[in-house]
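Chain and residue survey
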Amino acid sequence: MSKLTDSPAWRALAAHRGEIAASRITDLFASDPRRATRCSVEFGELFLDYSRHLVTPETLRRLIALAEQADVSGWIRRMFAGEPINHTENRPALHMALRSDRGSFPENADVMPQVREALARMRSMVGQARSGGLRGATGKPVQCVVNLGIGGSDLGPRMACRALRAYDDARSRSRGERRLDVRFVANVDPRDLDAALEGLDPQTTFFIVASKTFTTAETLDNARRARSWLEAGLQGRPSAGADAGSHFFAVTASPARAEQFGIPTERIFPIWDWVGGRFSLWSAVGLPIALSIGMEGFDALLEGARDMDAHFHTAPLERNMPVILALLSTWYVNFAAAQTHAVIPYAEDLGDLPAYLQQLEMESNGKRVDRDGREVDYATAPVIWGASGTPSQHSFHQLLHQGTHLVPVDFILVAGGRGRDMLATNALAQAAALTRGSASPEAYRALPGNRPSSTIILERLSPEALGQLLAMYEHKVFVQGVIWNINSFDQWGVELGKTLARALLPALQGEAFPADADPATRALVERIRRMR
Ligand code: F6P
């Protein structure tokens, strides 16, 4: 038994789960007319309703006791103080600095001068690009920017650009700035880049190579192919004194590698080892967002996240949004054997949120060894999945209502904006149907109900609200990691696959197999060769 599963708070929760196993959420509402308001928290532009969970006031007390036992408040302080909480890489996790407005942060290792300098460079590049001052090799102004990146160098900015595609910033428009066409390429499948480049003019197309390490095979392969596309497209055209290299920017913590690739020093934006890839959209990795909505919009996104940081840092545990979400998830994962968690945004523009949260939660907390190097004897991150409602209702909601799995759901909806009524009513109806279920003489028609969900309402789909929402999920992930006593900031599990793929490429191209290739891999490679 681990220290955690043997601890008083854990044991108390396990016993309590047995006591309330037969309770129904509908009975909890019946016995407390104020449950809906009691089980809710409001902060900034967000409202969280967690009344539709199978938790009593006693459950919540015991969950808070678990958080106290894990010293969540102490860990929050340690993270904000810049302690090297990512112990396997001996680094702090300081993504909050990227949106901080403090003079210095954190106290002992001030990183704010670097952050401010990078933001100032972003501001100047974004203003220039959006007002037509950024010109390519033939002198034409940039029209389209293609982001080449993967994982954290793709999912965050891709999701945020889509989320804010209807956002119109009057201030930057009044300065004559215009929205740029921003596209994303992540997959090493050449079809991804080909499709993104369709209809584009090499003279007006720029690329951002976003890679913290600048060693990621997919991104570098795409960058090389993008350069060839540019060179071929610019060949023979009258040059304005620059070449294909002038169409590239990089965002990386390895500027030397970017320079080696041919990107000029002044076009390389920094990111630092104290920012994890999946927490990096607030840095220059967010350039596509700023190019798309303008720097004022990007500032507002940072402001929203900053507000959530302050809430997370100071609110008591029982009123702290990220803490509440983390505890509810722990309740189902560890005491009700839930293996998955669905995120269903009722806003088409938030359609990429589930994919973004998959990396955030599963790369952070998909761990099986605790901070002391011991194998855990409890479940950690659930499988995160989901898709945009209402289409999801006509696809997988059947399983949510009548399937055999317990799947807690986050319903996310937006209060204000055009055409939101049908979305809101559908989201609310789905949550209600999951809670109450319905009886029927025919078993196949009956819905058992008693299935838990949270409802998260954004006042509007603004940069501020999005910043608050994303920072809320970031901190939720951190709190879960603290409770599970795991390091949420490394990702060693992804390395082996990368190494094996690298070693296998020559074999697929007709050369010898690596000595350690297993029989199944050998047989499959040979099969692929024969099928070509
Ligand atoms: O392989 C996983 C990973 O390291 C992620 O953590 C990261 O976001 C992604 O690859 C991309 O890494 P990079 O920004 O260094 O190209």
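Look a little higher up for the structure.
Residues numbered from 1 in each chain as written. Predicted model: local features only at pLDDT ≥ 70, side-chain atom pairs only at ≥ 80, totals over all residues. Heavy atoms only, no water.

**Let's talk about the overall build of the protein chain**
A tally of helices and strands in the protein chain yields 20 helices and 11 strands. In terms of C-alpha radius of gyration, the protein chain reaches 25 Å, essentially the compact-globule figure of 24 Å for 532 residues. Expressed along its principal axes, the backbone C-alpha trace of the protein chain runs to roughly 80 × 65 × 55 Å. Within the protein chain, buried positions represent 54% of all 532 residues. Across the protein chain, the fraction of contacts at a sequence separation of at least 24, relative to all contacts at a separation of at least 6, is 74%. Counting every atom, the protein chain has about 22,800 Å² of accessible surface; 53% of that belongs to carbon and sulfur. (Helix = DSSP H or I, 4+ residues; strand = E, 2+ residues; numbered from the N terminus. Rg over C-alpha atoms; globule rule 2.2 N^0.38 Å. Buried < 20%, exposed > 50% of the residue type's maximum accessible area, 1.4 Å probe, protein only. Contact = heavy atoms within 4.5 Å. Areas by Shrake-Rupley, 256 points an atom, 1.4 Å probe, with all protein chains shown as cover.)

**Digging into the pairing of strand β3 (residues 144-148)**
Counting buried residues along β3, five of its five residues qualify, which places the element largely inside the surrounding structure. Alternating residues of β3 divide into C144, V146 and L148 and V145 and N147, and every residue in both groups is buried. Pairing geometry for β3 and strand β4 (residues 181-185), over five bridges, is parallel. Within β4, the position partnered with C144 by the bridge is D181. Relative to strand β5 (residues 205-210), β3 runs parallel, the two sharing five bridges. Residue pairing across strands places N147 opposite I208, the latter belonging to β5. (Pairing = 2+ DSSP bridges.)

**Remarks on the site of the ligand**
Contacts to the ligand come from 13 residues, most closely from G152, S153, S211, T213 and T216. With respect to the ligand, the side chain of T216 contributes an N or O atom lying 2.5 Å from an oxygen atom. One of the side-chain N or O atoms of Q359 is found 3.2 Å from an oxygen atom in the ligand. Starting from 390 Å² of accessible surface for the ligand in isolation, the protein chains cover 88%. Among the residues forming the shell around the ligand, the class breakdown is two nonpolar, eight polar and three charged. (Near = heavy atom within 4 Å. Polar contact = N/O pair within 3.5 Å; in protein donor to acceptor, adjacent residues only side chain to side chain. Nonpolar A, V, L, I, M, F, W, Y, C, P; charged D, E, K, R; others polar.)

**Quick look at the environment of A520**
By the element assignment, A520 lies in helix α20 (residues 519-531). Assessed through its relative accessible area of 46%, A520 is described here as partly exposed. Distance in space between the C-alpha atoms of A520 and A120 is 53 Å, their sequence separation being 400 residues.

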